[in-house]
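Spelled out from the first residue to the last, the chains are:
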Amino acid sequence: QVQLVESGGGLVQPGGSLRLSCAASGSGFRINAMGWYRQAPGKERELVAEITSGGTANYAESMKGRFTISKDNAKNTVFLQMNSLTPEDTAVYYCNAGLQSTDRTTGIIGYLEVWGQGTLVTVSS
């Protein structure tokens, strides 16, 4: 019922910038928080940045100062602006959302976490 679709990945040279977008679609849900994670080849998935419904942002230390997370509440979309990219930033970037979902028949609220399919960012000369 709820899907996250990422876009904006691609090939960029070291020192360049990219902006990733993630749009949540569906019905019967409210977003508590959204974030970005990444997984490089041979490594585990790691947090990049998160933003709460109130607009509070948290960043992994290595990304702080270079990456900026933002959102458009009206469009249920979160963005990740990435600057000063290095080859170590090469990874598949995944959008994540923590949601409250209301059952249409019972009205019971459930809590769930959903993931996008990922978008590949390659930083190379």
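Residues numbered from 1 in each chain as written. Predicted model: local features only at pLDDT ≥ 70, side-chain atom pairs only at ≥ 80, totals over all residues. Heavy atoms only, no water.

A.B. asks: Kindly report on the state of the cysteines, identifying the contributing residues and their values.
C.D. replies: Applying the stated criterion across every chain yields a total of 1 disulfide. Sulfur-sulfur distance for the disulfide between cysteine 22 and cysteine 95 comes to 2.0 Å. For the disulfide bridge between cysteine 22 and cysteine 95, the dihedral angle about the S-S bond is near -85 degrees, and by the sign convention the bridge is left-handed. Here cysteine 22, found in strand E3 (residues 18-25), pairs with cysteine 95, found in strand E9 (residues 91-102); they are 73 residues apart in sequence, far enough to count as distant. Overall, cysteine 22 belongs to the buried group, its relative accessible area being 0%. (Disulfide = S-S within 2.5 Å. Helix = DSSP H or I, 4+ residues; strand = E, 2+ residues; numbered from the N terminus. Buried < 20%, exposed > 50% of the residue type's maximum accessible area, 1.4 Å probe, protein only.)

A.B. asks: Can you tell me about the pairing of strand E7 (residues 67-72), naming the residues and giving the values?
C.D. replies: Where E7 meets strand E8 (residues 77-82), 6 bridges bridge the pair, whose relative direction is antiparallel. Within the sheet, the bridge partner assigned to aspartate 72 lies in E8 and is threonine 77. Where E7 hands over to E8, the hairpin turn is made up of 4 residues, of which asparagine 76 adopts a positive phi near 50 degrees. (Pairing = 2+ DSSP bridges.)

A.B. asks: Kindly report on the packing of aromatic side chains, identifying the contributing residues and their values.
C.D. replies: This structure, assessed with the given rule, holds 1 aromatic pair. Centre to centre, the rings of tyrosine 37 and tryptophan 115 are 5.0 Å apart; their planes meet at 65 degrees, and the pair counts as edge-to-face. Taken as a pair, tyrosine 37 in strand E4 (residues 29-39) and tryptophan 115 in strand E10 (residues 109-115) lie far apart in primary sequence, 78 residues in all. Given a relative accessible area of 16%, tyrosine 37 falls into the buried group. One Lys or Arg, arginine 45, reaches over the ring of tyrosine 94 and ends 3.8 Å from the middle of that ring. Taking the ring centre of tryptophan 115 as reference, the NZ or CZ of arginine 45 above it sits at 4.6 Å. (Phe/Tyr/Trp six-rings, centres within 6.5 Å; stacked < 30°, edge-to-face > 60°. Lys NZ or Arg CZ within 6 Å of the ring centre and 35° of its normal.)

So yeah, pure geometry; function would need other evidence.
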